[in-house]
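Given next are the chains, with one letter for each unit.
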Amino acid sequence: MTRYDICVIGAGIAGLSLAARLAEHASVLVVEAESAPGYHASGRSVAFAHFGLGERVVRTLTALSLEELAADPSDDRARPAEVHSALHIASRAELSALDALEKVHRDFGCDFERLSGEEAAEIAPALKIGPEHCHSAILDHGSLKLDADAMLQGHVRDIRAHGGRLEFSSAVRKIARAGEDWVIDTESDSFSAPILINAAGAWADAVAGMIGARPIGIEPRRRTVISFSGPEGSNVSHWPFVKTVGAGFYMLPEGAGQLLASPMDEGASEPCDAAPEEFDIATIAHRIEEATRLKVARITHSWAGLRSFARDELPVVGFAKDAPGFFWCAGQGGAGFQTSPALSRIGEVLVRGEEWPGELAAQGLTPALFSPARLSA
Ligand SMILES: Cc1cc2nc3c(=O)[nH]c(=O)nc-3n(C[C@H](O)[C@H](O)[C@H](O)COP(=O)(O)OP(=O)(O)OC[C@H]3O[C@@H](n4cnc5c(N)ncnc54)[C@H](O)[C@@H]3O)c2cc1C
């Protein structure tokens, strides 16, 4: 049985980004049930970084992450992010929500403009304008279109470059205590490590159950995405990411001729290999045709993934109080990519017992905000 300093369960963006940082200081093993990284939530994400979701803590994590996400890779990797505008749109009834979002953009020092409906439609030509449709908008020039696969593969390379190991097709079936160590059994192998990181996404509570730790109430919620053809003969690649400020939809270009869209559904789900439901596919097609002049004539592809939330919708990063060396890295919700640089740094600090960084404290972030202990009451 091989012993590591740290074993990470889960090769999604949460587990890989944290493992890549820790592999610089320790021997790290990542065990993943599926045959490749990012099979579940991380491989189904639209991976767009913007300020239109979450509350103060998630937005602060986003702001802290943007610079690292936008940085030029130092080697010949595919560029993991490109600047792509986000257009947050509101009907007349939603103006107060748009005003609040404008304040968020101002507070975070974003490069943005407030636009009329007419101005918004010049940027996203298919939008219907008027009090019931796009009445006013915020155009954020600093949002990022992330390359989820490039990010995942970049972390895999970094882990290996530092001597870390990844085991795919290795579902963890049993975890037991042996002295100071956790013994982790997959179907074909056993490993041990004194620190066990639970980055199992929708399965985070199930993994905690394997060691008899108290579940913290991680709730997986399904989100559906469709891909459909843009208007015949037009290049939509320069269209912004468009998102309604309230319930509704988001839409973004994918290549020259295709658009992706989601009804921003949040149906509760068991942890599973999520699949889209007919109702959600019909809902998004209807909402796009209501809000724009587009026809969703042919859906080329649809999929769903699970976004996992703690009950306060904040990420959970920290050691469990009821199990020595058991570290939670869960509940990234709908922002796991755009917050991954900051969250993995927080994970690194807490796993290594480093002093809490001044730049996090200056933003009002404390370990207690992320601690699983907050969820045990
Ligand atoms: C449709 C959709 C759109 C999204 N859009 C965005 C966006 O625009 N921007 C953004 O930042 N975020 C977005 N997200 C959210 C983001 O994708 C998630 O926050 C993130 O992927 C969560 O990563 P994770 O590593 O926690 O989970 P996962 O990627 O699900 O990884 C967990 C892994 O753990 C493995 N695992 C579980 N149990 C075991 C076990 N017993 N043994 C071994 N392995 C196990 C699973 O197989 C899985 O691979 C979106 C999500 C969805 C679904």
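Look up: the structure comes first, before these words.
Only a predicted model underlies this, so the values are computations on that prediction, with no experimental measurement involved. All residue numbers refer to position in the chain's written sequence, counted from 1. Per-residue local features of the predicted model are confined to residues with pLDDT of at least 70, and side-chain atom pairs are confined, for both listing and counting, to 80 or more; whole-chain, interface and lining totals are unaffected and use all residues. Note that water and hydrogens are dropped before the side-chain values are worked out from all heavy atoms of the structure.

Quick look at the pattern of salt bridges
As a reminder of what qualifies: When a carboxyl oxygen of Asp or Glu is within 4 Å of a side-chain nitrogen of Lys or Arg, the pair counts as a salt bridge. Secondary structure elements follow DSSP: runs of H or I of four or more residues count as helices, runs of E of two or more count as strands, with numbering from the N terminus. The buried label goes to any residue with under 20% of its type's maximum accessible area, the exposed label to any with over 50%, and the partly exposed label to all in between, with areas taken from a 1.4 Å probe on protein chains only.
Taken as a whole and judged by the stated rule, the model has 21 salt bridges. As a salt-bridge pair, Glu348 and Arg345 come within 2.9 Å of each other at their nearest N and O atoms. In this pair, Glu348 and Arg345 both sit in helix α9 (residues 340-352), three residues apart, roughly one turn of the helix. Look at Glu348 and you get buried, because its relative accessible area is 8%. Look at the salt bridges and you will find they share partners, linking Glu219, Arg221, Glu266, Arg307 and Glu313 into a network.

Some remarks on the packing of helix α1 (residues 13-22) against helix α6 (residues 148-161)
The line we're drawing: A fitted line through C-alpha atoms represents every axis, and for helices the fit uses only the stretch in contact; the resulting angles, taken between N-to-C directions, go from 0 to 180 degrees. A crossing counts as left-handed when the near helix is turned anticlockwise from the far one by less than a right angle, and as right-handed when that turn is clockwise. Should any heavy atoms of two residues lie within 4.5 Å, those residues are counted as being in contact. In this count, Pro and Cys sit with the nonpolar residues alongside Ala, Val, Leu, Ile, Met, Phe, Trp and Tyr, while Asp, Glu, Lys and Arg are called charged and the others, Gly among them, polar.
Packing of α1 against α6 leaves a shortest axis separation of 8 Å and a crossing angle of 35°. Taken as a pair, α1 and α6 cross one another with a handedness that is left-handed. Across the interface between the two elements, Ile13, Leu16, Ser17, Ala19 and Ala20 from α1 touch Met151, Leu152, His155, Val156, Asp158 and Ile159 from α6. In the contact of α1 with α6, the residues fall into eight nonpolar, two polar and one charged.

Thoughts on empty space enclosed by the protein
For the record, the criterion: Only protein atoms enter the 1 Å grid used here. Points where a 1.4 Å probe fits but cannot escape make up a cavity, open sets with protein on both sides within 12 Å along at least five of seven lines make up a pocket, and a residue lines them when an atom lies within 4 Å of a point. Grid points are joined across faces, edges and corners, and a volume is the space filled by probe spheres set on the points.
Taken as a whole and assessed by the stated rule, the structure comprises one cavity of 30 Å³ or more. Space inside the largest cavity adds up to approximately 60 Å³. Lining the largest cavity are Ile13, Ala14, Ser17, Cys329, Gln332, Gly336, Ser340, Leu343 and Ser344. If you list the elements that add at least two residues to the lining of the largest cavity, you get α1 and α9. Partitioned by chemical class, the residues of the lining of the largest cavity number four nonpolar, five polar and no charged.

Observations regarding the site of the ligand
We count it as follows: Being near a molecule or strand, for a residue, comes down to having at least one heavy atom within 4 Å of it. Two N or O atoms form a polar contact when they lie within 3.5 Å of each other; inside protein one atom must be a possible hydrogen donor and the other a possible acceptor, and for residues adjacent in sequence the pair counts only when both atoms belong to side chains. Only the protein chains shown count as cover for residues, and the accessible areas themselves come from Shrake-Rupley with a 1.4 Å probe. Residue ranges assigned to the domains are those given by an automatic or database domain assignment.
The ligand sits among 38 residues. The nearest are Glu32, Ser42, Phe48, Gly333 and Gln338. With respect to the ligand, the backbone of Gln338 contributes an N or O atom lying 2.8 Å from an oxygen atom. Protein contact buries 96% of the 1000 Å² of open area that the ligand shows by itself. Every element with two or more residues in the shell around the ligand is listed here: α1, α2 (41-44), β15 (219-229) and β20 (299-309). Considered class by class, the residues forming the shell around the ligand number 20 nonpolar, 13 polar and five charged. Taken domain by domain, the makeup of the shell around the ligand includes at least three residues from each of domain 1 (2-44 + 148-216 + 312-375) and domain 2 (83-145 + 219-309).

Examining helix α4 (residues 95-107)
For an α-helix, 3.6 residues make a turn, and residues three or four places apart therefore share a direction. The test is simple: Take the number of residues in a helix, subtract one, and multiply by 1.5 Å to get its expected span. Here the arc refers to the set of directions running from the helix axis out to each C-beta atom.
A rise of 1.5 Å per residue sets the reference length of α4, with its 13 residues, at 18 Å; its end C-alpha atoms lie 18 Å apart and thus fit the reference within 8%. Those residues of α4 that sit buried are Leu98, Leu101, Glu102, Val104 and His105. Buried residues of α4, seen end-on, are gathered within an arc of 155° and therefore sit on one face of the element. For α4, the exposed residues set more than 90 degrees away from the buried face come down to Ser96 and Asp107. On its buried face, α4 sits against α3 (56-70), β6 (86-90), β7 (112-116) and β8 (136-140). In the segment just after α4, Gly109 is the residue with positive phi, at about 65°.

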